[in-house]
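# Coordinate inspection notes
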Amino acid sequence: MNPYNYFYFPGRLAWRQLVFDKTKLFAAICGVLFACVLVFMQLGFKDSLYNSAASAPLKMNGDLFLMHKQTEAMWRPTRFNRSELMRTLGHPDVASAYPMYLSLAQFKNIETQTKRTLMVYGYDPDADLLAVEAIIEKRTELRLKDTALFDESSRPEFGPMRALLDAGKNSTEINDYKLKIIGLFRLGVSFAADGNVMTSDQNFLRIFSDRRADQIDIGIIKVRPGSDVKKVQADLKSRLNEFVNIFTYDELVQYEKSYWENTAPIGFIFGFGTIMGLVVGMVIVYQILFTDITNHLNEFATLKAMGYKHGYFIRVVFASAFFLAILGFLPGFLMSLGLYRLAESQTFMPMPMTPHKVFTVFLFILSMCASAGLLAMRKLKAASPADMF
């Protein structure tokens, strides 16, 4: 039997080396698994952050949106004069322009009487500024004094609202102002607000007695059918004062996401956590591969003496890194699936496991193991046949 045949495929030798010491193999797999889970969770929380931040902008029913330039995100708006919005009606392609009022408020749990912060949206119910069917269906009732709709996807600390409404218990307080919850809708919670309430603009001003109707948070513009939205946007920019931004729908969604990604520190934290997970995993894999090479240095020198080139050993190390990436990624992926479901049940924010995310994390893990193998390869240069004699 030709002794070269056994070693011809570097993957075979790499696999034999890995399984020879099962304790070290288990430690290496745990290191890769840890990095895999950490990266999955960091990316999951980051995507959940961005998706929840854009939940309200995605439901906005408009073509152009006015916001004060000092407004960093929708949950902390800077007010501007309503007259600025009304000026847009002078453009021939603008069909309508409506104000929207936003503010955080204290909502009293109907059962426990405890208070918790949520976001309140106020606008003319006939304007249909949020493309949510449950809100549109209740537009007539929302015109009545002291009525509001509650977001049933809010956190449970606000109370079992559907069961309470079925039992006829619908009276509560927002900022110590009494009103009735007349129905439910779904918008979604975010990192900024644990719940949402929608009411008319008149009721909003009753809840926030210190607010004035001429000081608005967002202006929502609808253009006439067939109009060029970009052209209308450019025209309005030249007409309006410089202290307001005017966004298209896509720009508004991206603006909201950019705040959490670039301005808010939590976006940096998630990104930094992802990098640290990869670094920790790479160090563990490097230690395993380096130790493995060191322990078999004489064997590598023997193979060199038999005529094997340095490129063969490089392929052996990379094959070992590839096997570790596969063995650590598969259980890490399955564990992350369970943790995603657990996180969704506790945060009430979606954390989808998309194919793109799975592929991205696998590339991260594969690159991490390959980098560790590249660093460990330096030790192979020390394998000299002359040292055997």
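Because the structure is predicted, anything quoted here is derived from the model rather than measured. (Residues numbered from 1 in each chain as written. Predicted model: local features only at pLDDT ≥ 70, side-chain atom pairs only at ≥ 80, totals over all residues. Heavy atoms only, no water.)

## Here we look at the packing of aromatic side chains
Selection criterion: Each Phe, Tyr or Trp ring, with Trp reduced to its six-membered ring, pairs with another whose centre is within 6.5 Å; inter-plane angles below 30 degrees give stacked pairs, above 60 give edge-to-face pairs, and intermediate values give tilted ones. Secondary structure counts use DSSP, requiring at least four H or I residues in a row for a helix and at least two E residues in a row for a strand, with both numbered from the N terminus. Relative accessibility thresholds used throughout: buried, under 20% of the residue-type maximum; exposed, over 50%; partly exposed, between the two (1.4 Å probe, protein chains only).
Applying the stated rule across the entire model yields 12 aromatic pairs. With centroids separated by 6.0 Å and ring planes inclined at 35 degrees, the aromatic side chains of Phe40 and Phe329 adopt a geometry described as tilted. Here Phe40, found in helix H3 (residues 22–53), pairs with Phe329, found in helix H14 (residues 310–347); they are 289 residues apart in sequence, far enough to count as distant. Each of the two residues, Phe40 as well as Phe329, counts as buried.

## Focus on unusual backbone geometry
For Gln113, which is not a glycine, the phi torsion comes out positive at approximately 65 degrees. With respect to the helices, strands and loops of the structure, Gln113 is situated in the loop between strand E3 (94–108) and strand E4 (115–122). Looking at Gln113, the relative accessible area reads 44%, which means it is partly exposed.

## A short note on the environment of Val197
Put simply, the rule reads: Contact definition: two residues touch when any of their heavy atoms are within 4.5 Å.
Following the sequence through the fold, Val197 ends up in strand E8 (residues 196–199). Residues Val197 and Phe107, 90 residues apart in the sequence, show an inter-C-alpha distance of 9.2 Å. Once residues within four sequence positions are removed from consideration, Val197 is found in contact with Phe107, Leu118, Met119, Val120, Tyr121, Ala148, Leu149, Phe150, Ile174 and Phe185.

## Quick look at the domain arrangement of the chain
Heads up, the condition is: Where a domain begins and ends is set by an automatic assignment or by a domain database. When two parts are brought into contact, each loses some accessible area as probed by a 1.4 Å sphere; the total of that loss over both is the buried area. By salt bridge we mean one thing: a side-chain nitrogen of Lys or Arg within 4 Å of a carboxyl oxygen of Asp or Glu. The definition of a polar contact used here is a pair of N or O atoms within 3.5 Å, where within protein one atom must be able to donate a hydrogen and the other to accept one, and adjacent residues in sequence count solely through side-chain atom pairs.
Each assigned domain of the chain is listed with its residue range as follows: domain 1 (3–53 + 266–388) and domain 2 (70–242). Distance from the C-alpha centre of domain 1 to the C-alpha centre of domain 2: 49 Å. Taken together, the contact between domain 1 and domain 2 spans 11 residues of the former and six residues of the latter. When domain 1 packs against domain 2, close to 640 Å² is buried across both sides, 72% of that on carbon and sulfur atoms. For the domain 1 face of the interface with domain 2, the top three residues by lost area are Ser52, Phe348 and Met349, together amounting to 63%. Summed over the shared surface of domain 1 and domain 2, the result is zero salt bridges. Taken together, the links from domain 1 to domain 2 amount to one residue pair in polar contact (both at pLDDT 80 or more). Only H3, helix H12 (265–295) and H14 provide two or more residues apiece to the side of domain 1 that touches domain 2.

## Concerning the side chain of Asp146
What counts, and what does not: Charge convention: Lys and Arg are scored as positive, Asp and Glu as negative, and His as well as the terminal groups of each chain are ignored.
Its location among the elements puts Asp146 in the loop between helix H7 (139–142) and strand E5 (147–151). Among buried Asp, Glu, Lys and Arg side chains, Asp146 stands out as unpaired, with Lys145 the closest opposite charge at 4.6 Å. Those residues in contact with Asp146, other than ones at most four positions away along the chain, are Tyr177, Lys178, Leu179, Lys180, Asn203 and Arg206.

## Remarks on the pattern of salt bridges
Throughout the structure, instances matching the rule amount to 16 salt bridges. The salt bridge partner of Asp47 is Lys357, with a shortest N-O separation of 3.2 Å. Separated by 310 residues along the polypeptide, Asp47 in helix H3 and Lys357 in helix H15 (residues 355–376) bring together distant segments of the chain. Residue classification places Lys357 among the buried residues on the basis of a relative accessible area of 4%.

## Some thoughts on the packing of H3 against helix H11 (residues 249–263)
Selection rule: A fitted line through C-alpha atoms serves as each axis, taken over the contacting stretch for helices, and the angle formed by two N-to-C directions is quoted from 0 to 180°. Each helix crossing is assigned a hand: it is left-handed if the near helix lies turned anticlockwise from the far helix by less than a right angle, otherwise right-handed if that turn is clockwise.
Relative to each other, H3 and H11 sit at 145 degrees, their axes nearing to 8 Å. The element H3 and its partner H11 pack so that their crossing is right-handed. In this structure, H3 contributes Leu49, Tyr50 and Ala53 to the contact, and H11 contributes Glu256, Lys257, Trp260 and Glu261.

## Overview of the packing of H3 against H15
Stated formally: Should an angle fall under 35 degrees it is taken as roughly parallel, and over 145 as roughly antiparallel, whereas 65 to 115 is taken as roughly perpendicular and any remaining angle as oblique. Amino acids outside the nonpolar list (Ala, Val, Leu, Ile, Met, Phe, Trp, Tyr, Cys, Pro) and the charged list (Asp, Glu, Lys, Arg) are all regarded as polar, and Gly is one of them.
The contact between H3 and H15 brings their axes to 10 Å, and the two run at 140 degrees. Between H3 and H15, the interaxial angle falls into the category oblique. When the axes of H3 and H15 are compared, the crossing they make is right-handed. Taken together, the residues of H15 that come into contact with H3 (itself represented by Val32, Ala35, Cys36, Val39, Phe40, Leu43, Gly44 and Asp47) are Lys357, Val358, Val361, Phe364, Ile365, Met368 and Cys369. For the contact of H3 with H15, the class distribution of residues is 12 nonpolar, one polar and two charged.

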